[in-house]
Amino acid sequence: MLGDFGTLLRQYRYSTGWTQEDLAERSGLSTHAISVLESGRRRPRLSSVARLATALGLEPADRDRLLGAARGESEPQPAGERPADHVVPRLLPYAVPDFTGRRGEVDRLLALAAGPGGPRARPLVISAIDGMAGVGKTALAVHVGHALADRFPDGQLFVDLRGATPGQRPLDPGAALAALLRAVGVNENALPPDTEERARLWRSRAADQRYLLVLDNAVDAAQVRPLIPGGPHCLVLVTSRRRLPGLDGAVGVPLDVLGHDEAVELFTRVAGPDRVAGHDATVEEIVTRCGRLPLALRIAAARLAHHPAWTPVELLERIRRPQKLLTELSNQDQSVAAAFVESYRSLTPAQRGAFRLAALHPGEDVTPHALAALVDAPLDDTEELLESLHNHHLLVEHAAFRYTFHDLLRAFAGELLAREAATPVRRSALVRLFDHYRHTAASAMDVLVPLERHHRPRPPAPGGAGGGTPLVFADPADATRWLTREHANLLALTRHAAEADLPEYAADLPAILWRHLKRHLPAQEALGLGLGALRATRQLGSPAREAAALRHLGLVQYQLGDFPQALDLLHRALELQRRTGNRNGEAHVLANLGLTLTRTGRLEEALDHHLEALRLARELPEPAVESIALTNLGPTLTRLGRMREALDHHREALEFHRRGGNRLGQAIALNQFGEHQQRLNRHPEALDLFQEALELHRGLDDTFGQAESHTLLGDALLAMDAPESALRHYRAALEFLPHTGERYNLGRIHVGLARAHLRLGEPEAARRHAGQAVGIHSALGVPEAEEARALLESLTDPPLDPPLPE
């Protein structure tokens, strides 16, 4: 019976993959003692057996079996079962009791394991679970492994391949095969010395078995391939921080961070429901700052659980400090930063540099062209760098060829950048990035609004290797797509320029993008950018840039409805243009003054400014200003009742924009021409013009223009006695307009809504919208306030004071 005990002990040791020295270290016995016990030369003490069982982590049934063998007890052997000395390897680590979420991934893995023909007909299944450090790959594999254990009665094997284990090299395939062979009962002396021979023996031993094999923490496909069993009835779960496209036949299961509700649930379960009760908002912010990363959530929750004096508020105060975030997310032997370090160390020097410098980008995501500027490398090389960082799960490709960081990885990369890259290196990279965006934005706007090409700053082409492949736009639609995709990045760069003390870019980017921002940015945000640009121009001491910034600020105030402020800014811009002798700029400001004066009802003054702008533009010549003056003259003449002259100018403006291919100019001219036709009660003609303008604005993704066209379509349809259709267009306009911050047209929409509801027999709704129109137009001080007030009074008996605007 002593031999039975020694054989059983050896089998249990083999199942862990340990040497006698490993077991001795963990149990506190000597290596010699373990050798003697395994050989059966000495009866063991029960206290020593208990220590061995504890060290081996045996389940209760296996512990009892080992103790029974030590006492000399024999087990009955039912017919058809394995010999008593055979130990089924059950090597899966314990499944964490608070495993949370991952329902979709668990169901997918269970379905793969089930196969289409039942357990015996199931082919070999390989699932590669990949994801960033700390996302819970091992926890998922172990959870699924325990759920499937009874389907694989021949054994559940687990090998840590050490692909990203601190202080250790990745496990050689030969060593991993040795661990597997020991686990399934191959004697140490029978292990072949050659890796390929071990692989053949492993495939032979597994050929008719039903094994569940978890290969955890793989470094690459080459490390995994020799470990794949040859039998058709096995399930292999591979986890890796890298994507493994080279592992033939594997089904990829990419793992992302937890959903918000799942993240809150995990944090609550680890910290304890009683510790977070009544702190819902605080917990939600903690979860967000942890980036919903399971490792970060577990560490943060464990810290709360082990600090009884803390509430979630104290924990949040500690992790709110950006410079201390990663430091706080560590707990004894667990650390988010340490997990990230191992991923970083696996990179080549070029990949490390790209990872660090990508954190300099202040926007939402980075493209190959942007990273090429940052790292000063050719575009082809940069595309490969981004692909490699994506494969290592250090960047996320959230849209085609657009990459972003997980928040904690961005913080990690930023810390590395500050520590490993000198200030001049960082600043040079940032300047290259700004040069790229400034030049590309100018190129896009040149294609989109070619007439204004000479009114924008003319940045030089970026130099260096990263500037060797500039973006080229085929047509206005191509340019619009780029501006739309890069909109958030362009705004972030503009704001960051001031923070980084780069006034040249803080001034130039808003000036270059002015026409785009005017149509796509809420006016309040545009105001902030404009004020920043004005400060930058004064810091640079550039009167020409300052005049342009004043003009743009004036037009933002026009959009916000602060017409006195708009006129003041435009007059200051006009004075600067005249002082510096910039006649082009003077003509531009005159046209803008005419537009603003028209809106305030000072029509004769407005006409004088338009005509002076037109005269200057034709004298220079300056087509861009000529187009603006022609476009704005029509509406002013229409409001003055000079319909014949207005018609000529509308037609001339529309033809001018069509000749130049200016789709935005065409859309504006079509809307204005339609208003002229509307005044002449030519409603069907107006409707066609407004519809054509709407299609153009849609093609340009122009929020402001779409709101205006919908409003005008509502007016035309209401005049044609189609109030229900009009209502749909007014509501569509109302959805678009709040985004722009444009108050004047908001009042117009409320007037239209009031008239439509009145026509539909809904007086309460009509009164509500009329009251809103009165409040808005009265606050703006525009003539339309009287029309709105008259409408409200006609709906109110006795007359009521108008409500304040919403």
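Let's hear about the overall build of the protein chain: which residues, and what values?
Each helix and strand in the protein chain was counted, giving 40 helices and nine strands. For 806 residues, the compact-globule formula gives about 28 Å, and the C-alpha radius of gyration of the protein chain, at 37 Å, lies well above that figure. Projected onto its principal axes, the C-alpha coordinates of the protein chain cover approximately 120 × 65 × 55 Å. Across the protein chain, contacts joining residues at least 24 apart in sequence account for 67% of those joining residues at least 6 apart.

Describe the sheet that holds strand β2 (residues 155-160), naming the residues involved and giving the relevant values.
To summarise the sheet geometry, strands pair through backbone hydrogen bonds and adopt either a parallel or an antiparallel arrangement. With respect to topology, five strands assemble into an open sheet ordered β2-β3-β4-β1-β5, the strand pairing being parallel. Unpaired on one side and paired on the other, β2 and β5 (250-254) mark the two borders of the sheet. Looking at each pair of strands side by side, their axes are set apart by 15 degrees on average, direction ignored. Relative to strand β4 (residues 235-240), strand β1 (residues 125-130) runs parallel, the two being bridged by six bridges. Directly across from Asp130, in β4, lies its bridge partner Ser240. The strands touched by helix α6 (residues 103-114) are β1, β4 and β5; relative to β5, the strand with the most contacts, the crossing angle is about 170 degrees.

Give a detailed account of the nonpolar core, specifying residues and quantitative values.
Counting residues in each nonpolar core, the largest one holds 184 residues, and the members touching the most others are Trp202, Phe267, Val336, Phe340 and Phe355. In terms of residue count, the dominant contributor to this core is helix α22 (residues 423-448) (ten residues). The contact partners of Phe267, leaving out residues within four places of it in the chain, are Val276, Val283, Ile286, Val287, Leu297, Ala300, Ala301, Leu304 and Leu315. Grouped together as the second largest cluster of nonpolar side chains are 26 residues, Leu713, Ala716, Ala733 and Leu753 included.

Explain the pattern of salt bridges to me, and be specific about the residues and the numbers.
Throughout the structure, instances matching the rule amount to 45 salt bridges. The partner of Glu420 in a salt bridge is Arg356, with the nearest N and O atoms 3.2 Å apart. One end of the pair, Glu420, is in helix α21 (residues 407-420); the other, Arg356, is in helix α18 (residues 349-358), and 64 residues separate them in sequence. Two residues, Asp715 and Arg748, come together in a salt bridge whose shortest N-O distance is 3.6 Å. Taken as a pair, Asp715 in helix α36 (residues 703-719) and Arg748 in helix α38 (residues 743-759) lie far apart in primary sequence, 33 residues in all. Note on Arg748: relative accessible area 18%, which makes it buried. In this structure, a network of salt bridges that share partners links the residues Asp435, Arg438, Glu504, Asp508 and Arg545.

Give me unusual backbone geometry: which residues, what numbers.
Residues Leu620 and Pro621 are joined by a peptide bond in cis, for which omega reads -15 degrees. You can see Pro621 is positioned in the loop between α31 (603-619) and α32 (623-639). The phi dihedral of Arg162 is positive, around 55 degrees, even though this residue is not glycine. A positive phi angle, close to 55 degrees, is found at Arg292, a residue other than glycine. The topology assignment puts Arg292 in the loop between α13 (280-289) and α14 (294-305).

A description of the packing of α18 against α21 should follow, citing residues and the corresponding values.
Axis separation between α18 and α21 bottoms out at 7 Å; the angle between their running directions is 105 degrees. Here α18 is positioned roughly perpendicular relative to α21, judged by the angle of their axes. Where α18 approaches α21, its residues Phe355, Arg356 and Leu357 are matched on the opposing element by Leu409, Phe412, Ala413, Leu416, Leu417 and Glu420. The residue makeup of the contact of α18 with α21, split by class, is seven nonpolar, no polar and two charged.

Would you mind going over the pairing of β1 in detail, with residue names and values included?
Taken across its six residues, β1 has six buried, putting it largely inside the fold. Judged by which residues are buried, β1 turns out to be covered on both faces: Val125, Ser127 and Ile129 on one side and Ile126, Ala128 and Asp130 on the other are all buried. Of the pairings in the sheet, the one linking β1 to β5 comprises five bridges and is parallel in character. Residue pairing for β5: Asp130 is matched across the bridge by Pro254.

Provide a residue-level description of the confidence of the model for the protein chain, including the pertinent values.
Here the protein chain averages 89 in pLDDT, and 94% of its residues register 70 or above. Predicted confidence for residues 76-84 stays below pLDDT 50, and this span has seven contacts to residues more than four positions away or in other chains. With pLDDT under 50 throughout, residues 117-122 is counted as low confidence; its partners more than four residues away or in other chains account for eleven contacts.

If you had to explain the packing of helix α17 (residues 336-345) against α21 to someone new, which residues and values would you point to?
It is the contact of α17 with α21, at a shortest axis distance of 11 Å, that shows an interaxial angle of 70 degrees. Considering the angle they form, α17 stands roughly perpendicular to α21. The segment α17 lies against α21, with Val336, Ala337, Phe340, Val341 and Tyr344 engaging Leu408, Leu409, Phe412, Leu416 and Glu420. Partitioning the contact of α17 with α21 into residue classes produces nine nonpolar, no polar and one charged.

Could you give an account of the packing of aromatic side chains, naming the residues involved and the relevant values?
Tallied over the entire structure, the rule returns ten aromatic pairs. Taken together, Phe340, Tyr344, Phe355, Phe405 and Phe412 form an aromatic cluster joined through their ring pairs. The ring of Phe704 carries the charged tip of Lys518 above its face, separated from the ring centre by 5.6 Å. One Lys or Arg, Arg599, reaches over the ring of Tyr744 and ends 3.6 Å from the middle of that ring.

Now, about the environment of Thr367: what can you tell me, with residues and values included?
Following the sequence through the fold, Thr367 ends up in the loop between α18 and α19 (368-375). Thr367 sits in the buried class, given a relative accessible area of 9%. Sequence spacing of Thr367 and Glu486 is 119 residues, and the spatial spacing of their C-alpha atoms is 9.6 Å. Those residues within four positions of Thr367 in sequence are excluded, and the remaining contacts are Leu386, Phe401, Arg402 and Glu486.

I'd like to hear about the pairing of β4, residue by residue, with values.
Most of β4 is tucked away, with six of its six residues classed as buried. Residues Leu235, Leu237 and Thr239 line one face of β4 and the alternating positions Val236, Val238 and Ser240 line the opposite face, and both faces are buried. In this structure, strand β3 (residues 211-218) lies alongside β4, joined through five bridges in parallel fashion. Each residue of the ladder has a partner; that of Leu212, found in β4, is Leu235.

Just give me the short version of empty space enclosed by the protein, but keep the residues and values in it.
In this structure the tally under the stated criterion is four cavities of 30 Å³ or more. Space inside the largest cavity adds up to approximately 130 Å³. Residue lining of the largest cavity: 16 residues in total, with Leu448, Arg519, His520, Leu664 and Leu700 positioned closest to the centre. At the level of elements, α22, α23 (476-485), α26 (514-520) and α34 (663-679) are the ones that each hand at least two residues to the lining of the largest cavity. Top contributing element to the lining of the largest cavity by residue count: α26, with four residues.

Tell me what's going on with the side chain of Thr239, and back it up with residues and numbers.
Mapping Thr239 onto the fold places it in strand β4. Exposure remark for Thr239: the relative accessible area of 1% places this residue in the buried category. Polar contacts involving the side chain of Thr239 include one to the main-chain amide nitrogen of Asn217, which spans 2.8 Å. In this structure, Thr239 is in contact with Ile129, Lys137, Thr138, Ala141, Leu215, Asp216, Asn217 and Ala218, ignoring residues within four places of it in sequence.

Criteria and thresholds
- Residues numbered from 1 in each chain as written.
- Predicted model: local features only at pLDDT ≥ 70, side-chain atom pairs only at ≥ 80, totals over all residues.
- Heavy atoms only, no water.
- Helix = DSSP H or I, 4+ residues; strand = E, 2+ residues; numbered from the N terminus.
- Rg over C-alpha atoms; globule rule 2.2 N^0.38 Å.
- Contact = heavy atoms within 4.5 Å.
- Pairing = 2+ DSSP bridges.
- Axes fitted to C-alpha atoms, helices over the stretch in contact; angles between N-to-C directions.
- Core = buried A, V, L, I, M, F, W, Y, C linked by side-chain atoms within 4.5 Å.
- Buried < 20%, exposed > 50% of the residue type's maximum accessible area, 1.4 Å probe, protein only.
- Salt bridge = Lys/Arg side-chain N within 4 Å of Asp/Glu carboxyl O.
- Parallel < 35°, antiparallel > 145°, perpendicular 65-115°, else oblique.
- Nonpolar A, V, L, I, M, F, W, Y, C, P; charged D, E, K, R; others polar.
- pLDDT = per-residue confidence, 0-100.
- Phe/Tyr/Trp six-rings, centres within 6.5 Å; stacked < 30°, edge-to-face > 60°.
- Lys NZ or Arg CZ within 6 Å of the ring centre and 35° of its normal.
- 1 Å grid on protein atoms, 1.4 Å probe; cavity = no way out; pocket = protein on both sides within 12 Å on 5 of 7 lines; lining within 4 Å.
- Points joined across faces, edges and corners; volume = space filled by probe spheres on them.
- Polar contact = N/O pair within 3.5 Å; in protein donor to acceptor, adjacent residues only side chain to side chain.

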